[in-house]
Amino acid sequence: MGRAFEYRKATKLKRWGHMARTFTKIGKQITIAVREGGPEPENNPHLRAIIANAKRENMPKDNILRAIKNASDKDQSDFKSLTYEGYGPHGVAILVDTLTDNPTRTVADVRSIFNKFSGNLGTMGSLAFLFDHKCVFSFHKKDGLDMDSLILDLIDYGVDDEYDTDDEENSITIYGDPKSFGQIQQYLEEHGLDVIGAEFTYIPNDLKDVTPEERESIDKMVGMLEDFDDVQNVYTNMKPEESAEA
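Here the structure is a predicted model, which is why all the values come from computation and not from measurement.

Cut-offs applied
Residues numbered from 1 in each chain as written. Predicted model: local features only at pLDDT ≥ 70, side-chain atom pairs only at ≥ 80, totals over all residues. Heavy atoms only, no water. Helix = DSSP H or I, 4+ residues; strand = E, 2+ residues; numbered from the N terminus. Buried < 20%, exposed > 50% of the residue type's maximum accessible area, 1.4 Å probe, protein only. Contact = heavy atoms within 4.5 Å. Pairing = 2+ DSSP bridges. Arc of directions from axis to C-beta. Polar contact = N/O pair within 3.5 Å; in protein donor to acceptor, adjacent residues only side chain to side chain. Axes fitted to C-alpha atoms, helices over the stretch in contact; angles between N-to-C directions. Parallel < 35°, antiparallel > 145°, perpendicular 65-115°, else oblique. Left-handed = near helix turned anticlockwise from the far one by under 90°. Salt bridge = Lys/Arg side-chain N within 4 Å of Asp/Glu carboxyl O.

(A) Structural context of the environment of N120. Structurally, N120 is set in strand β3 (residues 120–121). Exposure remark for N120: the relative accessible area of 55% places this residue in the exposed category. The spatial distance from the C-alpha of N120 to the C-alpha of P89 is 8.8 Å, given a sequence separation of 31 residues. Excluding anything up to four places from it in sequence, N120 contacts G86, Y87 and F114.

This is the structure we're talking about:
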């Protein structure tokens, strides 16, 4: 299994938290997708991917349809996708992905947490060199699938030549260029692959060792950031606990 898979698997359980908060976050994602590509899933690959993720998180169908309808309302607040970055305690790099209709409020909330933990909120792009920005697709294994041919076909879309398999979910995960999200998804669907998850993520390219006490402090900071409704995901370059113990 590759670096990206191990990192994502170790941090997966910390990403969403409470179910109601999960649905709020997905609702905002739906708003962005509808604004960018329209309310019809068959004509909007990004929206199809979010709906697949919503179903995977057991979001009720009525909630999904209501979110799409609300996103089509011209009076609906205009959400923006913004990423904040900086250093938390013990020199750990932190990226905070947000969807917000009030950037002034959001940056104040995020900065308050960084300050509380003696961290420093930096300028956008200042920590980009520490993370690889990827789009991620997971799909069920298919009998007779030649992964070498699949990767070769997708190489023009920036798909990595390394991929991960998960025997527990009977799935395969590939990583690609975020700008090619739509083309990658279209290829997978046209070739009969059952996409069960699609997202954008940041994978740290250099993991930082921490002590148990330092991990506790950083986890507390991440948890407080994730409590804000505007925050979608929080990424760090802290070595996951499973990796740290290996």
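(B) Highlighting the pairing of strand β8 (residues 231–236). Among the 6 residues of β8, 6 are classified as buried, and the element is accordingly described as predominantly covered. Looking at chain direction, strand β2 (residues 93–100) and β8 are connected through 5 bridges and run antiparallel. By the bridge assignment for β8, L95 is matched with Y235.

(C) Just helix α6 (residues 147–154), in detail. Among all positions in α6, only M147, L150, I151 and L154 are buried. Around the axis of α6, the buried residues are gathered within 95° of arc, so they sit on the same side. Set apart from the buried face of α6 by more than 90 degrees, the exposed residues are D148 and L152. Contacts from the buried residues of α6 go to β4 (131–140), β6 (171–176) and α7 (181–190). Capping the start of α6, D146 holds a side-chain oxygen 3.1 Å from the backbone nitrogen of D148, two or three residues further along.

(D) Expanded view of the sheet that holds β6. The 4 strands are arranged β5-β6-β4-β7 in an open sheet whose pairing can be described as antiparallel. Here the strands that pair on one side only, and so sit at the sheet edges, are β5 (164–166) and β7 (195–204). Taken pair by pair, the neighbouring strands of this sheet meet at an average axis angle of 25°, ignoring direction. Summarising the sheet, β4 and β6 pair through 6 bridges and their orientation is antiparallel.

(E) Spatial organisation of the sheet that holds β8. Taken in spatial order, the 4 strands line up as β3-β1-β2-β8 in an open sheet, and their pairing is antiparallel. At either end of the open sheet lies a strand with only one pairing partner, and these are β3 and β8. Relative to the sheet, helix α8 (residues 212–226) contacts β2 and β8, its axis offset from that of β8 by approximately 160°.

(F) How the structure looks around the pairing of β2. In terms of residue burial, β2 counts as a mostly covered element, since 8 of its 8 residues are buried. Every second residue of β2 is oriented toward a common face, with A93, L95, D97 and L99 on one face and I94, V96, T98 and T100 on the other, all of them buried. Looking at chain direction, strand β1 (residues 80–87) and β2 are connected through 8 bridges and run antiparallel. Bridge pairing in β2 links K80 to T100. Counted between consecutive antiparallel strands, the loop separating β1 from β2 contains 5 residues, among which H90 sits at a positive phi close to 65°.

(G) Quick look at the packing of helix α3 (residues 45–56) against α7. Contact pair α3 / α7: the axes reach a minimum separation of 9 Å and the direction vectors enclose 70°. Relative to α7, α3 is oriented roughly perpendicular. By crossing handedness, the relation of α3 to α7 is classed as left-handed. Contacts from P45, H46, R48 and A49 of α3 reach α7 at F181, G182, Q185 and E189.

(H) Spatial organisation of the pattern of salt bridges. Inspection of the entire model under this criterion finds 8 salt bridges. Of the charged contacts, one joins D230 and K28 as a salt bridge, the two residues approaching to 2.9 Å between their closest N and O atoms. Remark: K28 occurs in helix α2 (residues 19–37) and D230 occurs in the loop between α8 and β8; sequence separation between them is 202 residues. When its relative accessible area of 8% is taken as the criterion, D230 is described as buried. Among the residues examined, K28 registers a relative accessible area of 9% and is labelled buried.

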